[in-house]
Every structure is written in structure tokens, then in C-alpha cells.
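Chain residues, written in single-letter form:
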Amino acid sequence: MKVLEELVAGVLELPVDEIDDDTGPSTTGSWTSLRHVQLVAAVRDEYGVPVTPKEARSCRSVGKLRALLTAKGVTA
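Attention here is on the structure that accompanies the text. Treat the numbers as computed from the prediction; the structure is a model and nothing was measured.

### Brief notes about the nonpolar core
Right, on to step 1. Of all hydrophobic cores here, the largest spans 19 residues; its most connected members are Leu4, Val8, Val43, Tyr47, Leu65 and Leu69.
Right, on to step 2. Counting residues per element, the ones that place at least two in this core are helix H1 (4–12), helix H2 (33–47) and helix H4 (62–71).
Right, on to step 3. Per-element tally for this core: the top contributor is H1, with six residues.
Right, on to step 4. For Leu4, the residues in contact, after removing those within four places along its chain, are Val43, Tyr47, Val62, Leu65, Arg66, Leu69 and Ala76.

Structure, rendered in C-alpha cells:
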């Protein structure tokens, strides 16, 4: 299982050391709406958790993605 930062870095095509909990569309130009959909799908596939459309819309940073996974019982 990948660390969340590695997963996000891969989707956003950024170095992993540039990814932290504050990384999101407001701080990272490569986090576009298309990449957001790709991130949510990658998180769903990697961690095996369902993500509702409402949850997907609320996950606008790495920290919020981590909080979602934690709420679903997954350590990321």
C-alpha cells in the first residue's frame, strides 16, 4: 500500500517532497478538476474504500483525503 503522499505525487506528477497536508488546488497548479477525479479514483483503488460524490467534493487537500481515509478506518 502506497503512502498517501506518494500516491498524490504520482497523480499530480510532482516530487513527493512537495506534497504535504496543505497540498490542494489552491496551493498546487497541477491539482486541476480532472486531476481531482483521478486522485479520488486512485485513493479508492489503492485503499479499497468507497468514496461518495459528496466526500469527493469535500476532499480538497491531502489532509482532507487523509481525514476521509481515517474516518473509514484506513491509516494513510
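Let us keep going from here.
### With respect to the packing of H1 against H4
Right, on to step 1. Contact pair H1 / H4: the axes reach a minimum separation of 11 Å and the direction vectors enclose 130 degrees. The orientation of H1 with respect to H4, classified from their angle, is oblique. In terms of crossing hand, the pair formed by H1 and H4 is right-handed. Where H1 abuts H4, its residues Leu4, Glu5 and Val8 lie against Val62, Leu65, Arg66 and Leu69.
Right, on to step 2. Grouping the constituent residues of the contact of H1 with H4 by class yields five nonpolar, no polar and two charged.

### Details of H4
Right, on to step 1. Buried residues of H4: Val62, Leu65, Arg66, Leu68 and Leu69, and no others. In a view along the axis of H4, the buried residues occupy a sector of 160 degrees, so they form one face of it. Residues of H4 that are exposed and point over 90 degrees away from its buried face: Thr70 and Ala71.
Right, on to step 2. Structurally, H4 contributes buried residues whose contacts are with H1, H2 and helix H3 (53–58).
Right, on to step 3. Phi turns positive, to about 85 degrees, at Gly73, one or two residues after H4.

### With respect to the pattern of salt bridges
Right, on to step 1. Taken as a whole and judged by the stated rule, the model has five salt bridges.
Right, on to step 2. Across the salt bridge formed by Arg66 and Glu5, the nearest N and O atoms sit 2.3 Å from each other. With a gap of 61 residues between them, Arg66 in helix H4 and Glu5 in helix H1 connect regions that are remote in the sequence.
Right, on to step 3. Residue class for Arg66 comes out buried when judged on its relative accessible area of 17%.
Right, on to step 4. Exposure remark for Glu5: the relative accessible area of 17% places this residue in the buried category.

So, how was this worked out
Residues numbered from 1 in each chain as written. Predicted model: local features only at pLDDT ≥ 70, side-chain atom pairs only at ≥ 80, totals over all residues. Heavy atoms only, no water. Core = buried A, V, L, I, M, F, W, Y, C linked by side-chain atoms within 4.5 Å. Buried < 20%, exposed > 50% of the residue type's maximum accessible area, 1.4 Å probe, protein only. Helix = DSSP H or I, 4+ residues; strand = E, 2+ residues; numbered from the N terminus. Contact = heavy atoms within 4.5 Å. Axes fitted to C-alpha atoms, helices over the stretch in contact; angles between N-to-C directions. Parallel < 35°, antiparallel > 145°, perpendicular 65-115°, else oblique. Left-handed = near helix turned anticlockwise from the far one by under 90°. Nonpolar A, V, L, I, M, F, W, Y, C, P; charged D, E, K, R; others polar. Arc of directions from axis to C-beta. Salt bridge = Lys/Arg side-chain N within 4 Å of Asp/Glu carboxyl O.

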